[in-house]
Amino acid sequence: MSGSVGRTPQIDGERLMRRLDELAQIGAIEGTHGNCRLALTDEDRAGRDLVCTWMADLGLDITIDGLGNVVACTEAGRVADSVMMGSHIDTVATGGRYDGNLGVLAGLEVIESVLSGGGMPTRPLSVGYFTDEEGSRFAPDMLGSLAYVGGIALEEALEITDRDGIAVGDELDRIGYRGSAPVPGAVPYAFMELHIEQGPVLEFHETQIGVVEGVQGISWTEVTLRGQSNHAGTTPMPLRRDAGLAACRIANEVRELAHNIGDSQVGTVGAISLVPNLVNVIAGLATMTVDLRNTSEAMLQHAESRLDEIVSRNAETEHLDVSMRRTARFEPVEFHPAVIDLVETCAAEAGLTHRRMPSGAGHDAQMLARVCPTAMIFVPSFDGVSHNPAEYTAPHDIEAGANLLADVVWRLANGEIDSEIGEIGATT
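Residues numbered from 1 in each chain as written. Predicted model: local features only at pLDDT ≥ 70, side-chain atom pairs only at ≥ 80, totals over all residues. Heavy atoms only, no water.

### Quick word on the overall build of the chain
Here is step 1 of the chain: On a plain count of helices and strands, the chain comes out with 13 helices and 16 strands.
Here is step 2 of the chain: In terms of overall size, the chain behaves like a compact globule, its C-alpha atoms giving a radius of gyration of 23 Å where 428 residues would be expected to give roughly 22 Å.
Here is step 3 of the chain: Across its three principal axes, the chain shows a C-alpha extent of roughly 80 × 45 × 45 Å.
Here is step 4 of the chain: Across the 428 residues in the chain, those meeting the buried criterion constitute 56%. (Helix = DSSP H or I, 4+ residues; strand = E, 2+ residues; numbered from the N terminus. Rg over C-alpha atoms; globule rule 2.2 N^0.38 Å. Buried < 20%, exposed > 50% of the residue type's maximum accessible area, 1.4 Å probe, protein only.)

### Re the side chain of R293
Here is step 1 of the chain: Its location among the elements puts R293 in strand 12 (residues 285-294).
Here is step 2 of the chain: For R293, a relative accessible area of 14% gives the class buried.
Here is step 3 of the chain: Here G360 takes part through its backbone oxygen, which lies 3.1 Å from a polar atom of the side chain of R293.
Here is step 4 of the chain: Setting aside residues up to four positions removed in sequence, R293 forms contacts with Q216, G217, I218, W220, S264, Q265, V266, L300, G360, A361 and G362. (Polar contact = N/O pair within 3.5 Å; in protein donor to acceptor, adjacent residues only side chain to side chain. Contact = heavy atoms within 4.5 Å.)

### Some points on unusual backbone geometry
Here is step 1 of the chain: In the segment running from V183 into P184, the intervening peptide bond is cis, with an omega of 5 degrees.
Here is step 2 of the chain: The topology assignment puts P184 in the loop between helix 6 (168-175) and strand 5 (190-196).
Here is step 3 of the chain: Going from V275 to P276, the amide bond is cis rather than trans, its omega being 10 degrees.
Here is step 4 of the chain: Inspection of the secondary structure assignment puts P276 in the loop between strand 10 (272-275) and strand 11 (281-282).
Here is step 5 of the chain: Despite not being glycine, L40 has its phi angle at roughly 65 degrees, a positive value.
Here is step 6 of the chain: Structurally, L40 is set in the loop between helix 1 (13-24) and helix 2 (42-57).
Here is step 7 of the chain: Of note, D383 is a non-glycine position whose phi angle comes to about 60 degrees, a positive value.

### Observations regarding the packing of helix 1 against helix 3 (residues 101-117)
Here is step 1 of the chain: Taken N-terminus to C-terminus, the directions of helix 1 and helix 3 make an angle of 140 degrees; their axes are 10 Å apart at the nearest point. The orientation of helix 1 with respect to helix 3, classified from their angle, is oblique. You can see that helix 1 and helix 3 cross each other, and the crossing is right-handed. Across the interface between the two elements, R15, L16, R19, L20 and L23 of helix 1 pack against N101, L102, L105, A106, L108, E109, E112 and S113 of helix 3.
Here is step 2 of the chain: By residue class, the composition of the contact of helix 1 with helix 3 is seven nonpolar, two polar and four charged. (Axes fitted to C-alpha atoms, helices over the stretch in contact; angles between N-to-C directions. Parallel < 35°, antiparallel > 145°, perpendicular 65-115°, else oblique. Left-handed = near helix turned anticlockwise from the far one by under 90°. Nonpolar A, V, L, I, M, F, W, Y, C, P; charged D, E, K, R; others polar.)

### Observations concerning the nonpolar core
In a soluble, globular protein the nonpolar side chains are often hidden away together inside.
Here is step 1 of the chain: With 106 residues, the main nonpolar core has M192 and L412 as its most contacted residues.
Here is step 2 of the chain: Considering each element in turn, this core owes the most residues, eleven residues, to helix 12 (residues 395-413).
Here is step 3 of the chain: Those residues within four positions of L412 in sequence are excluded, and the remaining contacts are V83, R123, Y189, A190, M192, V339, L342, I417 and I421.
Here is step 4 of the chain: By size, the runner-up hydrophobic cluster in this structure holds 20 residues, among which are L225, L257, M288 and I310. (Core = buried A, V, L, I, M, F, W, Y, C linked by side-chain atoms within 4.5 Å.)

### Notes on the pattern of salt bridges
Between side chains of opposite charge, a pair can form when the charged atoms approach closely.
Here is step 1 of the chain: Applying the stated criterion to the full structure yields 28 salt bridges.
Here is step 2 of the chain: Of the charged contacts, one joins R325 and E222 as a salt bridge, the two residues approaching to 3.3 Å between their closest N and O atoms. Separated by 103 residues along the polypeptide, R325 in strand 13 (residues 321-330) and E222 in strand 7 (residues 217-226) bring together distant segments of the chain.
Here is step 3 of the chain: Taking relative accessible area as the criterion, R325 reaches 46% and is therefore assigned partly exposed.
Here is step 4 of the chain: The shortest N-O distance in the salt bridge between R411 and E349 comes to 2.5 Å. Placement of the pair is R411 in helix 12 and E349 in helix 10 (residues 337-349), with a sequence separation of 62 residues.
Here is step 5 of the chain: When its relative accessible area of 13% is taken as the criterion, R411 is described as buried.
Here is step 6 of the chain: Three or more residues are tied together by salt bridges with common partners; here these are D42, R45, R137, D162, E171 and R174. (Salt bridge = Lys/Arg side-chain N within 4 Å of Asp/Glu carboxyl O.)

What follows is the structure, encoded as structure tokens:
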């Protein structure tokens with residue numbers, strides 16, 4: 001299918017919204033507009049089946065690799081020559097219907113609009129969805145795209161277990177999505193991901209498009225504090241070894257740490273588990289998570305060092321034993337400047353208000369950026385809410401973002417900035 005440049009196709013916004021709504025019915029959280037499709041569950045399988053059906057309906061060549069990553073291309077065997085779009089369709093336990101899903105279904109919509117327009121670009125187009133992007137069931141997050149680009153060995157990824165001790169490989173077999181395509185996968189010519197912002201910046205500035213320059217570095221740490229469970233009424237305050245108290249103090253200091261470092265630094269204690277977790281018993285065991293993020297690798301390392309000091313000091317004060325385990329660690333990612341410029345140019349030519357910005361959340365695009373020219377497009381999130389059933393992006397913003405994606409991908413596929421990014425010959 002050789003190329004014919006022509007005009008950038010216009011996407012069908014109503015068709016895209018229908019697909020988003022239909023996918024959202026799988027794993028729907030009753031009484032809300034949200035979703036629960038944790039990776040490799042029955043709900044994830046049903047979502048995968050639906051999206052693969054839409055891919056097959058367009059006559060796309062579908063490949064599934066050994067970690068369940070799915071890629072559909074307009075030409076068989078030419079993923080390595082293609083401009084790829086995509087994201088993920090798994091969700092957190094209390095997720096919305098746009099996070100990840102928009103990037104996959106908008107990519108599918110771009111391809112359908114191109115196919116129905118009668119003219120193909122010089123390069124093939126492809127769309128993919130990657131396994132376990134959220135990391136809610138199997139850590140680390142972005143597991144599928146990490147393996148796709150060679151960041152983790154397939155054998156290691158397949159042995160990762162969830163909290164119940166169930167392995168990734170066993171679940172892939174159970175739901176029928178352990179494929180035969182190789183891992184690492186075919187490296188595309190370029191990769192683009194459309195995503196909701198998942199934050200309040202675009203809405204606050206009344207801006208339609210975020211031109212994403214890169215992704216913050218992420219550091220996840222699990223902290224375990226061991227003290228002494230004892231009677232809440234008979235144990236004098238000075239003689240306590242209270243793991244719960246130390247956990248609360250650490251959580252407070254993580255927030256202070258982020259404020260003191262400033263700039264793009266954020267810090268979150270998202271989970272605290274106490275044992276025995278009873279009203280009249282001092283907590284003898286506390287397990288907590290700490291999420292640190294920064295656009296600067298040097299400052300992220302500084303924040304990690306500060307966290308180590310905070311945990312050590314509070315454990316010593318309460319006479320606790322302590323252990324720390326880094327469960328995920330990704331350095332900040334900068335997207336390709338020429339592709340960023342192209343997104344900005346296309347947005348300006350379309351009359352869309354736009355601003356350059358970093359991503360505060362992790363995305364599959366940051367993994368693909370390791371191996372090919374990559375960028376992202378953000379559209380606004382209502383009230384900045386995400387990872388929440390209330391997650392919402394207006395249809396007109398979705399359509400604007402998808403049409404911008406189509407324009408950028410069309411130009412990439414027709415070689416408009418080849419001289420700036422260079423011809424990249426990619427093989428698996």
